[in-house]
Amino acid sequence: MNRNRTPLAVALAVVASFLTIVPPAAAQTPAQAPVRGAEESLGYPIASRVLSQDQSQGVDAEGRPQAYWVTAGNNEMPGMFQVTDIRSGEVVFGERLPSGANSWASTFNTVDGTVYFGMTEGDMYSWTPGDDAVTALGVPYAGEGIWRLAAAPDGIVYGGTYPGGELFSYDPATGEFTNHGQAVPGETYARSLAVDEDSVWVGTQPRARLTRFDRATGEFHQVALPAQYETHEVVYDMTLARDYLLLRVQPSNDLLVYDTVTGEFVNIVPGISGRAISPPDPAGKYVYFRIASQGVVAYDLDTHTYARVGWGPNAFPGTWAWIDMDDPDFPGLSLSMTYYYGRIYVWNPETKKSAYIGEADLEGAPNPITALGSGPDGAVYVGAFLSPPGMARFDPTNETTTLLAGAGQIEGFGSYGDHLVYGRYPNAGLLDFDTTRPWSMGTNPGPAAVIDDEQDRPQAFVQVGDRMAVGSVPKSGRLGGALSLWDPATGEVVTHRDVVPDQSVVSLAERDGLLYGGTSVNGGYGIDPVATEAELFVADPDTGDVLERLVPVPGGKAVNGLTFDADGLLWGVSDGTLFTYDPATSTVTRAEQLFPRRTNMYGHDRHLLFHEDGHLYVTSSGSLWRVDPRTWAVTELASSGVGSLAQDGDGDLYYARGAALYRWNFALRPEPVCDVTVTGPHAGPLTVEAGTTCLDGATVSGPVQVSPGAVLVASDSAVTGPLRSVGAGGVSLDGVTVTGPLSVTGSVGEVSITDSTIDGPVGLRDNTGGTRFAGNTVTGPLACHGNDPAPVIEQPNDVDGPVMGQCRMS
């Protein structure tokens, strides 16, 4: 008996003797070819992570300081609002939100003592300390996500949006939203906000721009940044301190100090360690921020100099607040800093004492999967969204999952020899992991190599000689991805940008020393494409020269999942259309829309691979498909949000749905749809005339005949007498004893005979739906002829007689 087999459901017990089984008329439809294998869920490889992209701090009605988190959810589970009492370290409130998975916008309003937070999906909420539930304020503007909030001294709450880059306000007194328009023409993110009595300062992305909104007139007035920041990407954080506006810009992370009275930039502090800058201390003299090499520093607003304070929390500041700890070790006001992994650090400037509160009591959620990789060690590697825990390694030999800490958000995988390589977002890091040695972030893999030239997401990998070719997507607000050649041994990266102008490189394959790439018309987030059709290109890896370019599927927005077959034919998918390309003639030889037409920015369902069973497996349009490369007949195996595709060392397939990992296990038996089920004793012959007949724990005392087009599925059963089929829709025997000859000829569906005993000769001839014969005991000869494809014999058979034809193993 196969221990991995799914038991057959008992639909009908047949105990009487009859000659022919014919299912009800409604079931008499042409039989579908049986599919080998079945889906199984492997759960959440990164079962829980605490990630609050933005945070805020405030106080309850008694003045106790609190930290406010919106911990990220996933496609299956919304985010969760949670509150930590900083004095006690206890989580005093938590509620799973009705909708919205991620939040980059949170602010505490000192006027009404309420925290307001918005979701990137567009929902806005509030909570006042002491409330027993979060209040849903609605979706201010359909199609706009909320990306930053800030409360004004008079209690009006301002927000910035994406993709419209708009500034809006919410009046808690009236419950009304007001849209003030796009902050900077053409900028899609209103990414940072600072508010005083008269103005709202707005920083934008994908180009770093600063504008002032006059609260009285409703007009925007753009402020030019120093010339060297003209090409910067984002004004990410801002703090108002006295008459100064302090803003951090990326990618340099320089801190710019702007005098709002004179309209001049009076200082620049290079390379601070984001994110936030503190509010002024109680005396109004210092603000605080972090520099990686120095720890926290105090910046003197009078002299515009800074100095270390001797406090070095190993975390990026997410938000700062001056709080009363009501503790003799923390007299007066202490500086509290939150970190987006759910941690809190507190420091007192008088005693230099510090405190730490970890994230253990906060509730997380399974981490959404961003990429899957087939490891050279036979394992499957799982990358996840903004992954503080790391990436996961699933070992199919012992069915265990291991967390590899510190990997970051992974966009794509590749391999060479015993090494797994991967691309990390942001800033296009390239990392090399020797799978024969223990994982140790910083040494194995070592420091990342980096793709320059404004690249951000390394997504496609293929080995070419001693180097890895890498296809990438540019940074936010940029067009023009790149084809890079990376030497993992030396760390050298040679980048060729715009191999196809204004398009990203999202898929790669290699053949005879040449690179074949597929593009997406999209660039980074926050910019519209200018190209209209994705392309297939052929490039020389030594020079980066593009030798051929063409549009394989007219109108397609991404060319995904390139792979070569054994004959040197290139296969790919573009927006639901499967195509083949012949390098010898530089032509697309065939293209058919086999899957629903769907695209996404970077072609994340860009995966296809050839399996040892001769089929092509594809993830496209949210489903896993099996394609017969001879006939292009397609079968949908799994649906409902399927993405990514990887294969383990045993040939099983892995894919994701949101945060969950699934396996297509070829050893499993799918639950058959049985028109008739036979259980227990059956006296006399049995003929399967049409539809699907299942034997489940049956004992048939007589011959069994399967007619053309009909399907027989038998498990844990016995047949006394010959079992014959001619032109069947499929025959599956698992753990079956046949006393007498077994003959299966001309089956158009799959023939699978495993772990069975046949006391008599076995003949398998001219079957075209795939044949599997493994782990059986045969008393008599075994003859296999004319089966196309040839039988798969994964486990040896014990045959007491001659073995002839295709079943003879060398």
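About the thresholds
- Residues numbered from 1 in each chain as written.
- Predicted model: local features only at pLDDT ≥ 70, side-chain atom pairs only at ≥ 80, totals over all residues.
- Heavy atoms only, no water.
- Helix = DSSP H or I, 4+ residues; strand = E, 2+ residues; numbered from the N terminus.
- Buried < 20%, exposed > 50% of the residue type's maximum accessible area, 1.4 Å probe, protein only.
- Areas by Shrake-Rupley, 256 points an atom, 1.4 Å probe, with all protein chains shown as cover.
- Core = buried A, V, L, I, M, F, W, Y, C linked by side-chain atoms within 4.5 Å.
- Contact = heavy atoms within 4.5 Å.
- Pairing = 2+ DSSP bridges.
- Axes fitted to C-alpha atoms, helices over the stretch in contact; angles between N-to-C directions.
- Salt bridge = Lys/Arg side-chain N within 4 Å of Asp/Glu carboxyl O.
- Phe/Tyr/Trp six-rings, centres within 6.5 Å; stacked < 30°, edge-to-face > 60°.
- Lys NZ or Arg CZ within 6 Å of the ring centre and 35° of its normal.
- Disulfide = S-S within 2.5 Å.
- Polar contact = N/O pair within 3.5 Å; in protein donor to acceptor, adjacent residues only side chain to side chain.

Peer 1: So what about the overall build of the chain? Which residues, and what values?
Peer 2: Secondary structure summary: the chain contains 0 helices and 74 strands in total. By its C-alpha atoms, the chain is 100 × 60 × 50 Å across when sized along the principal axes. Per-residue burial over the chain gives 58% buried out of 810 residues. When the accessible surface of the chain is totalled, it reaches about 30100 Å², and 49% of it is carbon and sulfur.

Peer 1: Which residues make up the nonpolar core, and what values do they have?
Peer 2: Among the nonpolar cores identified, the biggest contains 33 residues, and Leu 695, Leu 712, Leu 723, Leu 733, Leu 742 and Val 762 are the most heavily contacted of them. Here this core gets 3 residues from one element, more than from any other, and that element is strand 59 (residues 692-701). In this structure Leu 742 touches Leu 723, Leu 733, Ile 753, Ile 758, Pro 761, Val 762 and Gly 763, once residues within four positions along its chain are discounted.

Peer 1: Explain the environment of Ile 369 residue by residue, including any values.
Peer 2: Considering the arrangement of structural elements, one finds Ile 369 in strand 30 (residues 369-374). On the basis of relative accessible area, Ile 369 is assigned to the buried category, the value being 14%. Remark: the alpha-carbon pair of Ile 369 and Arg 657, spanning 288 residues in sequence, is separated by 7.8 Å. Aside from chain neighbours lying at most four places away, what touches Ile 369 is Pro 45, Val 382, Gly 383, Ala 384, Ala 656, Gly 658, Ala 659, Ala 660 and Leu 661.

Peer 1: For the sheet that holds strand 8 (residues 114-118), give the residues involved together with the corresponding values.
Peer 2: Within a sheet, adjacent strands bond to each other through the backbone by hydrogen bonds, running parallel or antiparallel. With antiparallel pairing, 4 strands are arranged side by side in an open sheet as 7-8-9-10. The open sheet has two edge strands with one neighbour each: strand 7 (105-109) and strand 10 (135-138). On average, adjacent strands in this sheet sit at an angle of 20° to one another, irrespective of strand direction.

Peer 1: Which residues make up the pattern of salt bridges, and what are the values?
Peer 2: Counted according to the given criterion, the structure contains 31 salt bridges. With its nearest N and O atoms 2.7 Å apart, the salt bridge here joins Glu 40 to Arg 663. On the criterion of sequence distance, the pair formed by Glu 40 in strand 2 (residues 38-41) and Arg 663 in strand 56 (residues 660-665) is long-range, its members being 623 residues apart. Judged by its relative accessible area of 4%, Arg 663 is buried. With a closest N to O distance of 3.3 Å, Asp 302 and Lys 285 form a salt bridge.

Peer 1: Quick one: what's the story with the environment of Gly 760, residue by residue and with numbers?
Peer 2: With respect to the element layout, Gly 760 can be found in the loop between strand 68 (757-759) and strand 69 (762-765). Take Gly 760: its relative accessible area is 8%, and that puts it in the buried class. Once the C-alpha coordinates of Gly 760 and Gly 680 are considered, the two residues, 80 residues apart in sequence, prove to be 23 Å apart. Sequence-distant contacts of Gly 760, defined by excluding residues within four places in its chain, comprise Gly 740, Pro 741, Val 778, Thr 779 and Gly 780.

Peer 1: Quick one: what's the story with the sheet that holds strand 24 (residues 295-300), residue by residue and with numbers?
Peer 2: In space, the 3 strands of this open sheet follow the order 23-24-25, with antiparallel pairing throughout. Every interior strand has two partners, whereas the edge strands, strand 23 (286-291) and strand 25 (305-308), have only one. Between one strand axis and the next, the sheet turns through 30° on average, direction left out of account. One ladder, built from 6 bridges, connects strand 23 with strand 24; its direction is antiparallel. Paired with Phe 289 across the strands is Val 297, a residue of strand 24.

Peer 1: So what's going on with the packing of aromatic side chains? Residues and values would help.
Peer 2: According to the stated counting rule, one finds 40 aromatic pairs in the structure shown. Relative to Phe 220, the ring of Phe 213 lies with its centre 5.0 Å away and its plane at 50°, an arrangement referred to as tilted. Its relative accessible area of 1% is what places Phe 213 among the buried residues. Under the relative-accessibility criterion, Phe 220 is labelled partly exposed at 24%. A ring pair is formed by Trp 571 and Phe 610, whose centres lie 5.6 Å apart and whose planes are at 80°; its orientation type is edge-to-face. Taken together, the residues Trp 571 in strand 47 (residues 570-574) and Phe 610 in strand 50 (residues 607-610) connect sequence positions 39 residues apart. Judged by relative accessible area, Trp 571 falls into the buried class, the value being 3%. Among the aromatic residues, ring-to-ring pairing joins Tyr 68, Phe 81, Phe 93, Phe 108, Phe 117, Tyr 125 and Trp 127 into one connected group. For Arg 457, the ring lying beneath its charged end belongs to Tyr 425, and the centroid distance is 4.0 Å.

Peer 1: Kindly report on the state of the cysteines, identifying the contributing residues and their values.
Peer 2: Scanning all chains against the criterion turns up 2 disulfides. One disulfide in the model links Cys 674 with Cys 694; its S-S distance is 2.0 Å. Measuring handedness by torsion sign, the sulfur bridge of Cys 674 and Cys 694 sits at about -90° and is left-handed. Taken together, the residues Cys 674 in the loop between strand 56 and strand 57 (676-683) and Cys 694 in strand 59 connect sequence positions 20 residues apart. Of the two residues, Cys 674 and Cys 694, both sit in the buried class. Cys 784 shares a disulfide with Cys 807; S-S distance 1.9 Å. An S-S torsion of about -80° defines the bridge between Cys 784 and Cys 807 as left-handed.

Peer 1: Describe the side chain of Arg 663, and please don't skip the residues or the numbers.
Peer 2: Side-chain polar atoms of Arg 663 contact the side chain of Glu 40, separated by 2.7 Å. A distance of 3.2 Å separates a polar atom in the side chain of Arg 663 from a polar atom in the side chain of Tyr 654. Apart from residues no more than four positions distant in its own chain, Arg 663 is found in contact with Ala 38, Glu 39, Glu 40, Leu 42, Phe 394, Pro 396, Glu 399, Asp 652, Leu 653, Tyr 654 and Tyr 655.

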